[in-house]
Protein chains: 2
Amino acid sequence: MNLLILDGCDETQGASAAERLGPGWTVTPGRHSDPPDVLASRLAVADAAVTQYWTADLPPAPRLRLLQLPGAGFDAVDLDAVPAGCAVCNVYEHEIGISEYIVAALLEREIRIARMDSGLRRGEWRDGFALGAPLHGELHGKTVGFVGYGRIARATARRLAPFGVRMAARTRSPDRSGPGAELVGDLAGIDRLDDMLPAVDYLVITCPLTETTRGLIDARRLARLGAAAVVVNVSRGPIVDEEALYAACRDGTIGGAVIDTWYRYPDPSGGRGQRCLPSRFPFETLANVVMTPHASGWSARLLERRWTVIVENLLRLERGEPLCNLLRPPAGANPAAGAP
Amino acid sequence: MNLLILDGCDETQGASAAERLGPGWTVTPGRHSDPPDVLASRLAVADAAVTQYWTADLPPAPRLRLLQLPGAGFDAVDLDAVPAGCAVCNVYEHEIGISEYIVAALLEREIRIARMDSGLRRGEWRDGFALGAPLHGELHGKTVGFVGYGRIARATARRLAPFGVRMAARTRSPDRSGPGAELVGDLAGIDRLDDMLPAVDYLVITCPLTETTRGLIDARRLARLGAAAVVVNVSRGPIVDEEALYAACRDGTIGGAVIDTWYRYPDPSGGRGQRCLPSRFPFETLANVVMTPHASGWSARLLERRWTVIVENLLRLERGEPLCNLLRPPAGANPAAGAP
């Protein structure tokens, strides 16, 4: 079996995968930017490929039976361009890192440890009880609303539950008997998104980017949020309208935003030293915004966990067993045959 | 009934308390720094006093039946100097704020959102996946060890449980069937403190300051911690040896510290503008230390919750009912008569 690993995959993980796959597999690393004939010859023999990107201009991959994404998002895959007989699978495992990031961001928004730290380093006690300073916030009693209620939102809800927060969620397929539904007091379909907005202190975006979710949180919906509400986006930037979010933060019509997923990204082949502001609007000038570089899920054991699933899926392909995390079955296959 | 409220109590809360206590009570505010004759005349008629401080040089308080502390710590009360017929009670209610602070500090130590934010504001993507940056930490899988397992530690353990951390605790009276014991894999007496230290990633100090806990975490015990371990002190500074903690952080023999409770405090009567570095050692020069001004529990609804308990206790005193949070019963009383 030939496995082609294209771009963005850590070499150590690739080597370790080759070792775990065993002698039945030949593992070839490559890049989308390789010379066309090199890329073409590799795709011509590949039985499986690991890559986050698949476009219509790729050379033919006639033997391809598994396109395995190394991450969760499939917005960079043109499903119509993937060979019909090829299954498409993704991996998650980022819900640990992302849910930790969300809880951290909410708590820091309330407590502001960083602000206290910089003050006390100058000998200032403005935030402590000793000089009768103002009290800081509490997460306890706040309301968190999730847009999307998949793995990330559920992992976050499980972690938030003991903090005494109220939780609501809007999702494509609300299921009161589904996993994690018991954590959420108010679970409803995405058609009832608008009625969740006025009550939330934190609006947490965790749905995938699709043509229906692009621009879902627009100026009209941002205007339904309270003046202290904070938008937290750990999913994909364009789910929230870029200009409307910037204006709402700048004008203080909402409390602010915690933004991990953006509108503009650096060139992957441009080297680590390059600078790239993540929006055409100057979010970096706003004090009520926390900005992180699409790193919420980029945590210590993520790749180890993901490659464990990827290797398992490749071995299942080899043995003809049902695949994990099937996004799209191969043409003619029974979609119900996917493993959970 | 005469209630004397001395120092450090918010006037709004005092006024609201007077209203809730009703016409049977006369509420008088005062200060320890009042002229001696003023203080003496007020203490001479007080049936109850709310204050965090009680020293042997105070004028007599012959009618005093309840010394109600407005906080949890009783290290500023000389119990031998409190009139024998007077009960001493404290209040908690800070476990919500302090446990939120601890979880926030642990998560931020792993993820370092503040560092990412300052980078991305300059267009740097050094922490994200886009340019293959290093992965940040995860709280998942870490080990947290509590010194003391009272209300704060239990509230923290409840919040940490869904993060997949291992927990251990050492306490004066370990009780495997006590509240919250099920959250802690390794619960033992304080005599087994030393054997907990090598395994912890976070050592969280939550015990009260007493003559047995003063200096409990000394140079020898700090040396038993791993090189990445972080000491988190939300209790009282002097439980951790000041010089030894500074040296361990400075020399990197431990990973660092999150310090909310200190060795030096500003003068309560000196005004908010004063500056006071919180130790005779320059912790403010160390990058592996997070410094906050005894503010972890100083959170939004703390005073409201505490004054609800204080008013309830004063009404119980008036009605001759058992008191809440009894630290020391009046002489001759049955200690078991205290309410839970």
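A quick note: this is a predicted structure, and the numbers were derived from the prediction, not measured. (Residues numbered from 1 in each chain as written. Chains lettered and ligands numbered in written order. Predicted model: local features only at pLDDT ≥ 70, side-chain atom pairs only at ≥ 80, totals over all residues. Heavy atoms only, no water.)

Draft legend 1. Spotlight on the state of the cysteines. Here the structure, examined in full by the defined rule, presents zero disulfides over all chains. In this structure Cys89(A) is a free cysteine whose sulfur lies 7.7 Å from that of Cys324(A), the closest cysteine sulfur available. Cys86(B) takes part in no disulfide bond, and the closest cysteine sulfur to it belongs to Cys89(B), at a distance of 8.6 Å. (Disulfide = S-S within 2.5 Å.)

Draft legend 2. Structural context of the sheet that holds strand E2 (residues 26–30) of chain A. Residues and elements named next belong to chain A. Read across the open sheet, the six strands follow the order E2-E1-E3-E4-E5-E13; overall the sheet is mixed. With one partner strand each, in any of the chains shown, E2 and strand E13 (326–328) form the two edges of the open sheet. Sheet twist, expressed as the average angle between the axes of neighbouring strands with direction ignored, equals 25°. Strand direction decides the pairing type here: strand E3 (residues 48–50) and strand E4 (residues 66–68), joined by three bridges, are parallel. Across the sheet, residue Val50 finds its bridge partner in E4, namely Gln68. Where helix H2 (residues 36–45) meets the sheet, it contacts strand E1 (2–6) and E2, and its direction lies at approximately 140° from that of E1. Sheet contacts for helix H9 (residues 302–319): E1, E3, E4 and strand E5 (87–89); angle to E4, the most-contacted strand, approximately 180°. (Pairing = 2+ DSSP bridges. Helix = DSSP H or I, 4+ residues; strand = E, 2+ residues; numbered from the N terminus. Axes fitted to C-alpha atoms, helices over the stretch in contact; angles between N-to-C directions. Contact = heavy atoms within 4.5 Å.)

Draft legend 3. Examining the relation of the copies chain B and chain A more closely. Once chain B has been moved 0.0 Å along the axis and rotated by 180°, it coincides with chain A to within an RMSD of 0.1 Å. Classification of the inter-copy transformation places it as that of a two-fold axis. Distance from the rotation axis, computed per C-alpha, reaches its smallest value in chain B at Ala104(B): 2.7 Å. Comparing interface residues between copies, 100% of those in chain B also sit at the interface in chain A, which points to an isologous, same-surface contact. (Least-squares fit on C-alpha atoms with pLDDT ≥ 70 in both.)

Draft legend 4. Representation of the packing of helix H3 (residues 95–111) of chain A against helix H3 (residues 95–111) of chain B within the structure. Where H3(A) contacts H3(B), the axes come no closer than 9 Å and their chain directions differ by 125°. Accordingly, the angle class assigned to the pair H3(A) and H3(B) is oblique. Helix-helix and strand crossings are classified by hand; for H3(A) and H3(B) the assignment is left-handed. Contact residues: Glu100(A), Tyr101(A), Val103(A), Ala104(A), Leu107(A) and Ile111(A) in H3(A); Glu100(B), Tyr101(B), Val103(B), Ala104(B), Leu107(B) and Ile111(B) in H3(B). (Parallel < 35°, antiparallel > 145°, perpendicular 65-115°, else oblique. Left-handed = near helix turned anticlockwise from the far one by under 90°.)

Draft legend 5. Here's a closer look at the pairing of strand E11 (residues 256–259) of chain A. All names here are of chain A. Residues Gly256 and Val258 line one face of E11 and the alternating positions Ala257 and Ile259 line the opposite face, and both faces are buried. As paired elements, strand E10 (residues 230–233) and E11 share four bridges and run parallel to each other. Looking at the pairing, Val230 lines up with Gly256 of E11. Between E10 and its parallel partner E11, the chain crosses via helix H8 (residues 242–251), and the hand of that crossover is right-handed. (Buried < 20%, exposed > 50% of the residue type's maximum accessible area, 1.4 Å probe, protein only. Right-handed = clockwise from strand over helix to strand, strands pointing away.)

Draft legend 6. Fine view of the pattern of salt bridges. One pass over the structure, following the stated rule, counts 40 salt bridges over all chains. The partner of Glu138(A) in a salt bridge is Arg305(B), and the shortest N-O contact between them spans 2.8 Å. Residue Glu138(A) is located in the loop between helix H4 (113–120) and strand E6 (143–147), and its partner Arg305(B) is located in helix H9 (residues 302–319); the two belong to separate chains. Relative accessible area serves as the criterion here: at 1%, Glu138(A) is assigned to the buried category. A salt bridge links Asp195(B) to Arg170(B), with the shortest nitrogen-to-oxygen separation between them at 2.7 Å. Remark: Arg170(B) occurs in strand E7 (residues 166–171) and Asp195(B) occurs in helix H6 (residues 193–196); sequence separation between them is 25 residues. Connected through shared salt-bridge partners, Arg170(A), Asp186(A), Arg192(A) and Asp195(A) make up one network. (Salt bridge = Lys/Arg side-chain N within 4 Å of Asp/Glu carboxyl O.)

Draft legend 7. Structural detail: the sheet that holds strand E2 (residues 26–30) of chain B. Residues and elements named next belong to chain B. Strand order in the open sheet formed by six strands is E2-E1-E3-E4-E5-E13, and the pairing between neighbours is mixed. Across the chains shown, the open sheet's two edge strands, defined by having one partner strand only, are E2 and strand E13 (326–328). The mean angle between the axes of side-by-side strands here comes to 25°, regardless of whether they run parallel or antiparallel. Relative to strand E3 (residues 48–50), strand E1 (residues 2–6) runs parallel, the two being bridged by three bridges. The residue of E3 that forms the bridge with Leu3 is Ala48.

Draft legend 8. Highlighting the environment of Ile217(B). Residues and elements named next belong to chain B. Tracing the chain through its elements places Ile217 in the loop between strand E9 (202–205) and helix H7 (219–224). Note on Ile217: relative accessible area 1%, which makes it buried. In sequence terms Ile217 and Val147 are 70 residues apart; their C-alpha atoms lie 9.4 Å from each other. Here Ile217 is in contact with Val147, Leu193, Leu203, Ile205, Leu222, Ile239, Val240 and Asp241, once residues within four sequence places are set aside.

Draft legend 9. Focus on the interface of chain B and chain A. At the junction of the two partners, chain B supplies 67 residues and chain A supplies 67 residues. Buried area between chain B and chain A, both sides added, is near 6200 Å², and the carbon and sulfur share of it is 65%. Of all residues in chain B, Arg121(B), Trp125(B) and Trp298(B) bury the most surface against chain A, accounting for 13% of the area lost on that side. On the surface where chain B and chain A come into contact, there are four salt bridges. For the interface between chain B and chain A, the tally reads 34 residue pairs in polar contact (both at pLDDT 80 or more). Looking at the side of chain B that touches chain A, the elements with two or more residues in it are H3, helix H4 (113–120), helix H5 (151–160), strand E12 (289–291) and H9 of chain B. With eight residues, the single largest contributor to the side of chain B that touches chain A is H3(B). Counted by class, the side of chain B that touches chain A contains 38 nonpolar, 13 polar and 16 charged residues. (Buried area = accessible area lost by both parts, 1.4 Å probe. Polar contact = N/O pair within 3.5 Å; in protein donor to acceptor, adjacent residues only side chain to side chain. Nonpolar A, V, L, I, M, F, W, Y, C, P; charged D, E, K, R; others polar.)

Draft legend 10. Spatial organisation of the confidence of the model for chain A. Residues and elements named next belong to chain A. A residue-level look at chain A finds 95% of positions with pLDDT of 70 or above and a mean pLDDT of 92. In this model, residues 336–340 is a region of pLDDT below 50 whose contacts with residues beyond four sequence positions or in other chains number 10 contacts. The ipTM for the predicted assembly is 0.87, set against a pTM of 0.87. (pLDDT = per-residue confidence, 0-100.)

Draft legend 11. Highlighting the nonpolar core. Formed by 110 residues in total, the largest nonpolar core has its most connected members in Phe146(A), Leu160(A), Phe146(B) and Leu160(B). The contact partners of Leu160(A), leaving out residues within four places of it in the chain, are Val103(A), Leu106(A), Leu139(A), Val144(A), Phe146(A), Val165(A) and Met167(A). Counting 37 residues, the second-largest nonpolar core is a separate cluster that includes Leu203(B), Leu209(B), Ala257(B) and Phe281(B). (Core = buried A, V, L, I, M, F, W, Y, C linked by side-chain atoms within 4.5 Å.)

Draft legend 12. The packing of aromatic side chains, seen in detail. Residue and element names in this part refer to chain A. Within this structure, the stated rule accounts for 12 aromatic pairs over all chains. Their ring planes at 80° and their centres at 5.4 Å tell us that Tyr246 and Phe283 sit as a pair that is edge-to-face. You can see Tyr246 sitting in helix H8 and its partner Phe283 sitting in the loop between E11 and strand E12 (289–291), a full 37 residues away along the chain. Side by side, Tyr246 and Phe283 carry an identical accessibility label, which is buried. Ring centres 5.6 Å apart and planes at 75° place the aromatic pair Trp262 and Phe283 in the edge-to-face group. On the criterion of sequence distance, the pair formed by Trp262 in the loop between E11 and E12 and Phe283 in the loop between E11 and E12 is long-range, its members being 21 residues apart. (Phe/Tyr/Trp six-rings, centres within 6.5 Å; stacked < 30°, edge-to-face > 60°.)

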